[in-house]
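Notes for the structure review
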Amino acid sequence: IILERTETTGETDSYICYSARLYGITENGKENERYSAFAYAVYGSGEDEMTVIGEPINGKYSNEPSEKETEYMNFTESENSWIASLQLADGAIVTRPPSGGAASINPYFANISAAALLKSGSRYTANVKNYMDWYLTHLNNAAENVPDGSVFDYNVYISADGSITETSAGDFDSTDSYAATFLRLVSEYCNTVGNYGYFNSNFTAMQRIYSAMLSTWDHDKKLTAAKPAYRFYYLMDNCEVYDGAAAYRSLLKATGRATAEVSARIADILCGIESLYQNDSYLNFYGNTALNWETWYSDATAQLFPIMLGVIDANSARAAMLYSKFNSLYSGGGSLGCSWERLDNPSGMAWSLIAFTAALTGDTEKADLFITAYRQRFSAQHGSPLYNADAAFAVLAANELLKLREFKDDEKVLEKLREIKTHNKEHFSVGAVVYGDANRDGNVDITDLIAIKKYCSGYSVNIDTSAVDADQNDIIDSSDMSKLKSVILGISKYEIITDGYDYLNVTALDTEEAK
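Quick summary incoming for the structure in this document. (Residues numbered from 1 in each chain as written. Predicted model: local features only at pLDDT ≥ 70, side-chain atom pairs only at ≥ 80, totals over all residues. Heavy atoms only, no water.)

Focus: the overall build of the chain
The helix and strand tally for the chain stands at 19 helices and 16 strands. Burial statistics for the chain: of 515 residues in total, 51% are counted as buried. Within the chain, contacts between residues separated by at least 24 positions form 60% of all contacts whose residues are at least 6 apart in sequence. Carbon together with sulfur atoms contributes 48% to the accessible area of the chain, which is approximately 23,500 Å² in total. (Helix = DSSP H or I, 4+ residues; strand = E, 2+ residues; numbered from the N terminus. Buried < 20%, exposed > 50% of the residue type's maximum accessible area, 1.4 Å probe, protein only. Contact = heavy atoms within 4.5 Å. Areas by Shrake-Rupley, 256 points an atom, 1.4 Å probe, with all protein chains shown as cover.)

With respect to helix H7 (residues 235-254)
With 20 residues, H7 extends 29 Å between its outermost C-alpha atoms, agreeing within 8% with the 28 Å of an ideal straight helix rising 1.5 Å per residue. In terms of burial, H7 is largely enclosed, as 18 of its 20 residues are buried. Looking one or two residues past H7, Gly256 carries a phi angle of roughly 75 degrees, positive in sign. (Expected span 1.5 Å × (residues − 1).)

Let's talk about the packing of helix H4 (residues 176-193) against helix H6 (residues 203-213)
Two elements in contact, H4 and H6, have axes separated by 7 Å at closest approach and are oriented at 140 degrees. The pairing of H4 with H6 is recorded here as oblique in orientation. Both H4 and H6 take part in a crossing whose hand is left-handed. On H6, the residues that touch Asp176, Ala179, Ala180, Phe182, Leu183 and Val186 of H4 are Met206, Ile209, Tyr210 and Met213. For the contact of H4 with H6, the residue count by class is 9 nonpolar, no polar and 1 charged. (Axes fitted to C-alpha atoms, helices over the stretch in contact; angles between N-to-C directions. Parallel < 35°, antiparallel > 145°, perpendicular 65-115°, else oblique. Left-handed = near helix turned anticlockwise from the far one by under 90°. Nonpolar A, V, L, I, M, F, W, Y, C, P; charged D, E, K, R; others polar.)

Examining the packing of helix H1 (residues 67-85) against helix H2 (residues 107-117)
The contact between H1 and H2 brings their axes to 10 Å, and the two run at 135 degrees. Classified by the angle their axes make, H1 and H2 are oblique. For the element pair H1 and H2, the recorded crossing hand is left-handed. Contact with H1, carried on its side by Asn80, Ile83 and Ala84, involves Ser113, Ala116 and Leu117 of H2 and no other residues of that element. Grouping the constituent residues of the contact of H1 with H2 by class yields 4 nonpolar, 2 polar and no charged.

Next comes the structure, spelled out in structure tokens:
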């Protein structure tokens, strides 16, 4: 698995540096044994003509993960084991362990919890399928203020003989977020098991759920309301709707179905969310005239949702600004005397999604402090106020930290790469558009190619389509990706051709330009 590919330049030659880590199951069946090979320097005019010109900086076989990696893996298994223990015989996942035989089912929390179970690989895929089956068998038919394909909350009673009675609460906290997080779960499940059979065999139900997600859509605001009887248009919900729609589109694309309508809706959702961004902050709901960062929920915490759900790039300047402002108030004993990373926040809850967001931004220090504090407080007994989704977000944070360590841990690689000066291309731009700058960070480099690859694969990634539409056909596809790759490799360039009007073209570099 190629994890990272970076264009660099030395004194006279240009190189592509690879960092890779390959996972497999060895002959004895033990999981997590791994081969690692880092940073081969290679040269060539195309991927089919690469030649290794240097030895691996650190090629090795490691039979055991590092101490920190082991900590995160064990943490994931511990928390996922607890989440799995909350599952009932019929597949439902209760929010907390039953007390006096009573428990509750919140499908939104359960969706997130089931998604975390997938971070344990195939171990809990049967649990996740059973939960998804429960969700599908509880879809509502249309009624007043009840969209078709929505799902109610449920109350549970477990009698002394173990029999289970589930009673509908007749209501839901939201219709948009419940459906959105379920569609994301289905996408993650299909990716984990390696096929789309579940989506195909339940396609009619998936269509109903997608429709339920958008049942409160406002065409003027380009936002969804929380539910028919509660017409508030929340930032958090709409970030989840964006992610759910992106997941649904990836499922449609993977199964050969049309995606144009969903793609258009995703573009509209992004416009609606962007309309909430005012004065360097997001309104936590449409029409709010008194946003206050010192109000923990949801004014302040809502600011993290565009980062967490891919509405904006986690490495963008806006994400950095929002995350920094949040930390200035709520981290390290900031101006409000809080330290969220030590479970000290105004709510009294864990709020693990903040640690997940921190990891996404690359703030491994605070995310790791949170995991440590969480483990000390909850991992032994999983007592109140912990609930399933808070544990799930802690799992997602640990998983993201594990991935970051895979990318960044080898100091020998980092030291060697620092010796090679990064090659900064002269950007070709017209007006505000920097051609090739897919992620809008001001550079045209391998990160832009990764962004467009993810976009074409249906992932929730926000790119500047005008900067990478080399064909100028309003469609971003493999042709545009190939042309961007050739530009990044230094074998082609962008140029504007004028023939009555200006249009973008990609042409090969001549010999002198290539040098």
